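# Commentary on secondary and tertiary structure
If you want the building blocks of each chain, they are given just below.
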Amino acid sequence: MDSGVQRFCLFLSIAIFLSSSVLCLQANSVDFHVNAGKVKYLRKPKKTTCNLYQGTWVYDPLTFPLYDSATCPFIRKEYDCLKYGRPDHFYLHYKWKPTGCDLPRFNGREFLARFRGKKIMYVGDSVSVNHFESLLCLLHSAVPDLRVTSKSTNTTLTVTFRVSIVMFLTHYLIDIEEEKIGRVLKLDSLKSGDIWKKADVLIFNTWLWWYRGGSKQPWDYVQEGDTIIKDMDRMAAFRKGLTTWAKWVDSDVDTTKTSLFPRNFPFSLQFISCYVSGKDWNETGVTNCGKETKPLSGSVYPGGSPSTLNVVEDVLSSIKKPVHLLNITTLSQLRKDAHPSSYNGFKAMDCTHWCIAGVPDTWNELLYAALILD
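About the cut-offs
Residues numbered from 1 in each chain as written. Predicted model: local features only at pLDDT ≥ 70, side-chain atom pairs only at ≥ 80, totals over all residues. Heavy atoms only, no water. UniProt positions renumbered as here; feature names shortened; annotations may be inferred. Helix = DSSP H or I, 4+ residues; strand = E, 2+ residues; numbered from the N terminus. Buried < 20%, exposed > 50% of the residue type's maximum accessible area, 1.4 Å probe, protein only. Contact = heavy atoms within 4.5 Å. Areas by Shrake-Rupley, 256 points an atom, 1.4 Å probe, with all protein chains shown as cover. Axes fitted to C-alpha atoms, helices over the stretch in contact; angles between N-to-C directions. Parallel < 35°, antiparallel > 145°, perpendicular 65-115°, else oblique. Left-handed = near helix turned anticlockwise from the far one by under 90°. Expected span 1.5 Å × (residues − 1). Polar contact = N/O pair within 3.5 Å; in protein donor to acceptor, adjacent residues only side chain to side chain. Pairing = 2+ DSSP bridges. Disulfide = S-S within 2.5 Å.

As recorded by an unreviewed UniProt entry, the chain carries the name Trichome birefringence-like N-terminal domain-containing protein and is attributed to Erythroxylum novogranatense. Its UniProt record gives the chain the following Subcellular location (unreviewed entry) comment, quoted word for word: "Membrane".

## Topic: the overall build of the chain
Secondary structure assignment for the chain yields 8 helices and 15 strands. Buried residues in the chain amount to 55% of all 374 residues. For the chain, restricting intrachain contacts to residue pairs at least 6 apart in sequence, the fraction spanning at least 24 positions comes to 79%. When the accessible surface of the chain is totalled, it reaches about 16,200 Å², and 49% of it is carbon and sulfur.

## Things to note about the packing of helix 5 (residues 234-252) against helix 6 (residues 308-317)
The N-to-C vectors of helix 5 and helix 6 enclose an angle of 30°; their axes lie 10 Å apart at closest approach. Compared by their axis directions, helix 5 and helix 6 come out roughly parallel. Crossing of helix 5 against helix 6: the hand is right-handed. Touching Met235, Phe238, Arg239, Leu242, Thr243 and Ala246 of helix 5 are Thr308, Val311, Val312, Asp314 and Val315, all from helix 6.

## Some points on helix 3 (residues 126-142)
Side chains of residues three or four places apart in an α-helix project in the same direction, reflecting 3.6 residues per turn. Helix length check: helix 3 (17 residues) gives 25 Å between terminal C-alpha atoms against 24 Å at 1.5 Å per residue, within 8%. Summarising burial for helix 3: 15 of the 17 residues are buried, a large majority. A side-chain oxygen of the first residue of helix 3 lies 3.0 Å from the backbone nitrogen of valine 127; this N-cap is aspartate 125.

## Section: the sheet that holds strand 14 (residues 227-229)
Within the open sheet, the 4 strands sit side by side as 10-11-13-14. Their pairing is mixed. Of all the strands in the sheet, the pair left with one neighbour each is strand 10 (175-179) and strand 14. Within the sheet, the average angular offset between the axes of one strand and its neighbour, ignoring direction, is 30°. Summarising the sheet, strand 10 and strand 11 (residues 182-186) pair through 5 bridges and their orientation is antiparallel.

## Brief notes about the state of the cysteines
Enumeration over the complete set of coordinates arrives at 4 disulfides. Here cysteine 81 engages in a disulfide with cysteine 355; their sulfurs sit 2.0 Å apart. Here the S-S torsion is close to -95°, and the disulfide linking cysteine 81 with cysteine 355 is therefore left-handed. Taken as a pair, cysteine 81 in the loop between strand 4 (55-59) and strand 5 (94-98) and cysteine 355 in the loop between helix 7 (329-333) and helix 8 (359-372) lie far apart in primary sequence, 274 residues in all. Residue pairing for cysteine 289: its cysteine sulfur links by disulfide to cysteine 351, the two sulfurs lying 2.1 Å apart.

In structure tokens form, the structure reads like this:
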């Protein structure tokens, strides 16, 4: 396997906004009700020319974190860093400050009002779960007394606060099927799309599992068309699988439902990388994130951009439907301090996922901004 591929634990996330009925109401004439209290529908912020994804992390103990993780009932033991003994709390108090403007603060009550009766679905692996649980905590903190229901299946978990928040678990987006020869990763097959299309907002991610081998590899063979092989270059396989997803977007996603967005952007993409050594941070001898307590300063990641971005850009250029890049790669790379490390329910070193509360809340703030800004 290409060592360059092993080096980056990246994930791709694509948010597809499918429903137009929620946001095209007149902002100055509509009131909503969430729980027992009236929630005023806030005026949509004016369009900004600021790039929300370029900036720095700023220490802000007065307004961050956005909620107390001890009061959130949705955090898995992998991500609940305070519960499992993390002694430093610096990582909780950083906000993302774009250069030249401010990121809109997440308003959970307004979010629930805007999307009442709608379905928001995260599709991906455990990093998607990270993202999903952050949104649950943000909403729960806004309306802690609101009645919440949940249900689960083999592949989905749905939590409803007047808005249904769904986690659809899949490692590759494309299919893995059991056959006589074993488990087959099918690079040109995607059968879950009919389920995904039932959501009003879709947030996809993949990559974390593409480079895995040995006992951690959940497939035995790779198939494309009628050709079945034991293995192939993982970056090439990723490109083919992502291309299958892109074709599904072009053929199956109805973007006419996104006419509420003046810029017509039904998609957004994110990249996050995990860290396996400190050389990308200019910290000689550091082999993991275990003792990191502060972000990298500035707005440039010393290790540079991952090569996976080139694959994504090529695939995106093939999509006929409009695409918007939600590029949180660098801002997340700068947060070497925000991983669970050994402060999780397994007491194992984890530099792949993220503490909740923490960086995933900023991902959801950026998603929220994408939904409300002109």
